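# Geometric and topological summary
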Amino acid sequence: MMNIAVLVSGGGTNLQALIDYEKNNKDCPYSIAIVVSNTKNAYALERAKKADIPSFVCSPYSVLGAERAKSADRDTKRIEVSNAVLKLCKEHKVDAIVLAGYLSVLGGDILAEYKDRIINLHPALLPKFGGVGMWGDNVHKAVLSSGEKESGCTVHIVDSGCDTGRILVQKKVPVLEDDSVESLYARIAPKEHEAIVEGTCLLAKSF
């Protein structure tokens, strides 16, 4: 059994997919040990609470304090938050980390400590539409603007780059002529739920 930390930022629908799979499958190869959010108002925290999973907030403000957070640069915030997440993972005997709609970038020691044991869900078919600034609606806007005929989602191993790690799972959907950002996302979202579970199970079975 692989103990995982699920990192979140928003509504937590992908976290819910992981919770539901664990609950409904006796042979589930993972167990959610903790949920960590980088925003205090993420609804994902409510989902964790309802599932009796310990949850924590590791934001620049919670980690650095208000005054330091205001003056710290992006890299400092990133490293300090990442170190706080690492500390929680060690305390809760976490074997692997799943980024499920986590709208931040990990850096520093956590990447070495959990090398090849961190996976991320990206809302496009990598290596296309990845990298800095490519998250959430930005990705779907870029896909629509490019005239692509298909999109989808990717679960990949996290490395020191941005959306550059080895791909584990991809799910594809068609891009329709009259698609909006909202309609394209609505088609991709169910595939994300499938992919995050599939990717986490693959990681667990290789653990």
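Look up: the structure comes first, before these words.
Presented here is an overview of the structure given in this document. (Residues numbered from 1 in each chain as written. Predicted model: local features only at pLDDT ≥ 70, side-chain atom pairs only at ≥ 80, totals over all residues. Heavy atoms only, no water.)

### What to know about the pattern of salt bridges
Note the threshold: Here a salt bridge means any side-chain nitrogen of Lys or Arg lying within 4 Å of a carboxyl oxygen belonging to Asp or Glu. Numbering goes from the N terminus for both helices and strands, where a helix is a DSSP run of H or I of at least four residues and a strand is a run of E of at least two. Type-normalised accessible area, obtained with a 1.4 Å probe on protein chains alone, sets the label of each residue: buried when under 20%, exposed when over 50%, and partly exposed for intermediate values.
Considering all chains together, one arrives at seven salt bridges under this definition. For Lys171, the salt bridge is made with Glu198, and the minimal N-O distance between the two is 2.8 Å. Residue Lys171 is located in strand E7 (residues 167-174), and its partner Glu198 is located in helix H8 (residues 181-205); the two are separated by 27 residues in the primary sequence. Look at Lys171 and you get buried, because its relative accessible area is 19%. The class of Glu198 is partly exposed, set by a relative accessible area of 35%.

### A word on the environment of Ser104
Looking at the element boundaries, Ser104 is found in the loop between strand E4 (96-99) and helix H6 (109-113). Note on Ser104: relative accessible area 31%, which makes it partly exposed. With 99 residues separating them in the primary sequence, Ser104 and Ala5 have C-alpha atoms 15 Å apart.

### Topic: the nonpolar core
Nonpolar side chains in soluble globular proteins generally cluster together in the buried interior. Using the following cut-off: We call a set of buried Ala, Val, Leu, Ile, Met, Phe, Trp, Tyr and Cys residues a nonpolar core when their side-chain atoms join them within 4.5 Å. Every residue pair with non-hydrogen atoms within 4.5 Å of one another is taken to be in contact.
One finds Val6, Tyr30 and Ile32 to be the most contacted residues of the largest nonpolar core, which totals 38 residues. Excluding residues that lie within four positions of it along the chain, Tyr30 makes contacts with Met1, Met2, Ile4, Ala17, Leu18, Tyr21, Glu22, Val197, Thr200 and Cys201. Residues Val81, Leu86, Leu106 and Ile110 belong to the second largest nonpolar core, which totals 21 residues.

### Notes on the packing of helix H7 (residues 137-146) against H8
In plain terms, the rule: Note on geometry: axes are C-alpha line fits, over the in-contact stretch for helices, and angles between N-to-C directions span 0 to 180 degrees. Should an angle fall under 35 degrees it is taken as roughly parallel, and over 145 as roughly antiparallel, whereas 65 to 115 is taken as roughly perpendicular and any remaining angle as oblique. Three categories are distinguished: nonpolar for Ala, Val, Leu, Ile, Met, Phe, Trp, Tyr, Cys and Pro, charged for Asp, Glu, Lys and Arg, and polar for the others, with Gly belonging to the last.
Look at H7 against H8: their axes get within 9 Å of each other, and the N-to-C directions meet at 110°. Judged on the interaxial angle alone, H8 and H7 are roughly perpendicular. Across the interface between the two elements, Asp137, His140, Lys141, Val143 and Leu144 of H7 pack against Val181, Leu184, Tyr185 and Ile188 of H8. Partitioning the contact of H7 with H8 into residue classes produces six nonpolar, one polar and two charged.

### Thoughts on helix H5 (residues 74-91)
Side chains of residues three or four places apart in an α-helix project in the same direction, reflecting 3.6 residues per turn. Basically, it comes down to this: Multiply 1.5 Å by the residue count of a helix minus one, and that product is the helix's expected span.
Spanning 18 residues, H5 covers 26 Å between terminal C-alpha atoms, matching the ideal 26 Å at 1.5 Å per step. Val81, Ser82, Ala84, Val85, Leu86, Leu88 and Cys89 are the residues of H5 that are buried. Of the surrounding elements, those touching the buried residues of H5 are strand E1 (2-8), strand E2 (30-37), strand E3 (55-57), helix H3 (60-64), E4 and H6. Trailing H5 by a residue or two, Lys93 shows a phi angle of about 55°, which is positive.

### Overview of the pairing of strand E6 (residues 150-157)
Working note: regular strand, side chains alternate between the two faces of the sheet. Worth spelling out the cut-off: When DSSP finds at least two bridges between two strands, those strands are taken to pair.
Within E6, seven of the eight residues are buried, which leaves the element mostly enclosed by the surrounding structure. Across four bridges, the pairing between strand E5 (residues 118-122) and E6 is antiparallel. By the bridge assignment, Ile119 is partnered in E6 with Ile157. Bridging between E6 and E7 involves seven bridges; their strand directions are antiparallel. Residue pairing for E7: Ser151 is matched across the bridge by Val173.

### Observations concerning the sheet that holds E4
Across the sheet, which stays open at both edges, the seven strands sit in the order E3-E2-E1-E4-E5-E6-E7 with mixed pairing between neighbours. At either margin of the open sheet sits one strand with a lone partner, and together these are E3 and E7. Taken pair by pair, the neighbouring strands of this sheet meet at an average axis angle of 20°, ignoring direction. The pairing of E4 with E5 spans three bridges and is parallel. What sits directly across from Ile97, in E5, is Ile118. Against the sheet, H8 touches E1, E2, E4, E5, E6 and E7, its axis set at about 160° to E7.

### Quick look at the pairing of E1
Burial analysis of E1 places six of its seven residues in the buried class, which makes it a mostly covered element. When E1 meets E2, the two strands line up parallel, connected through seven bridges. Note that in E2 the partner of Met2 across the bridge is Tyr30. In this structure, E1 lies alongside E4, joined through four bridges in parallel fashion. Along E4, the bridge assignment pairs Leu7 with Leu99.

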